[in-house]
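Below are the chains, spelled out letter by letter.
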Amino acid sequence: MANRDSGSSSLGTLLAGALIGAAGLGWWLLSEAERRRDQQRQTRSLRLNRLSWNDDEAVDPQSSQRPLRETELQDKVHELNQAIEDVRRQLESMSTQN
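Just so it is clear, the structure is predicted and the values come from calculations on it, not from any experiment.

*Asks:* Could you give me a rundown of the overall build of the protein, with the residues and numbers involved?
*Replies:* When its secondary structure is counted, the protein shows two helices and zero strands. Surface accessibility of the protein: about 9100 Å² in total, with carbon and sulfur atoms responsible for 57%.

Laid out in structure tokens, this is it:
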């Protein structure tokens, strides 16, 4: 009788472990699918942003563009900062004229 009880408890433990393992695998698969979906959404957004920055050039969204080098990126940031500073100065001069 004791042998039968240990066999049924081993079977119960095995089933509980299988259920926990299946739940863990399901959670991991769902989190990986969500991560991939977020990555695709971010990539799509970056492509759209790149297209809007280059709207004066003919750009094929399916073409593989090389990413900006760090120096190019720094140059663009510098240009943007200068443009922002120019607009700020213009706004300040307009407010002092009134």
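Following the structure, the description resumes.
*Asks:* Lay out the pattern of salt bridges in plain terms, naming residues and giving numbers.
*Replies:* Counted according to the given criterion, the structure contains seven salt bridges. Arg 88 is the partner of Glu 85 in a salt bridge, and the nearest nitrogen-oxygen pair spans 2.1 Å. Placement of the pair is Glu 85 and Arg 88 together in helix H2 (residues 70-97), with a separation of three residues, close to one helical turn. Residue class for Glu 85 comes out partly exposed when judged on its relative accessible area of 26%. With a closest N to O distance of 3.8 Å, Arg 89 and Glu 85 form a salt bridge. Of this pair, Arg 89 and Glu 85 both sit in helix H2, four residues apart, roughly one helical turn. Each of Glu 85, Asp 86, Arg 88, Arg 89 and Glu 92 takes part in one network of salt bridges that share partners.

*Asks:* Tell me about a nonpolar patch on the surface, and please be specific about residues and values.
*Replies:* A surface patch of nonpolar side chains, amounting to about 500 Å² of accessible area, comprises Leu 25, Trp 27, Trp 28 and Leu 29. Within the element layout of this structure, Trp 27 appears in helix H1 (residues 2-53). Trp 27 gets classed as exposed once you look at its relative accessible area, which sits at 63%.

*Asks:* Can you explain the environment of Glu 92? Please cite residues and give values.
*Replies:* Position of Glu 92 relative to the elements: it lies in helix H2. Looking at Glu 92, the relative accessible area reads 40%, which means it is partly exposed. Of note is the side chain of Glu 92, whose polar atom sits 2.4 Å from the side chain of Arg 88.

Calculation criteria
Residues numbered from 1 in each chain as written. Predicted model: local features only at pLDDT ≥ 70, side-chain atom pairs only at ≥ 80, totals over all residues. Heavy atoms only, no water. Helix = DSSP H or I, 4+ residues; strand = E, 2+ residues; numbered from the N terminus. Areas by Shrake-Rupley, 256 points an atom, 1.4 Å probe, with all protein chains shown as cover. Salt bridge = Lys/Arg side-chain N within 4 Å of Asp/Glu carboxyl O. Buried < 20%, exposed > 50% of the residue type's maximum accessible area, 1.4 Å probe, protein only. Patch = residues over 30% accessible without salt bridge, like charges linked within 9 Å, V, L, I, M, F, W, Y side chains within 5 Å. Polar contact = N/O pair within 3.5 Å; in protein donor to acceptor, adjacent residues only side chain to side chain.

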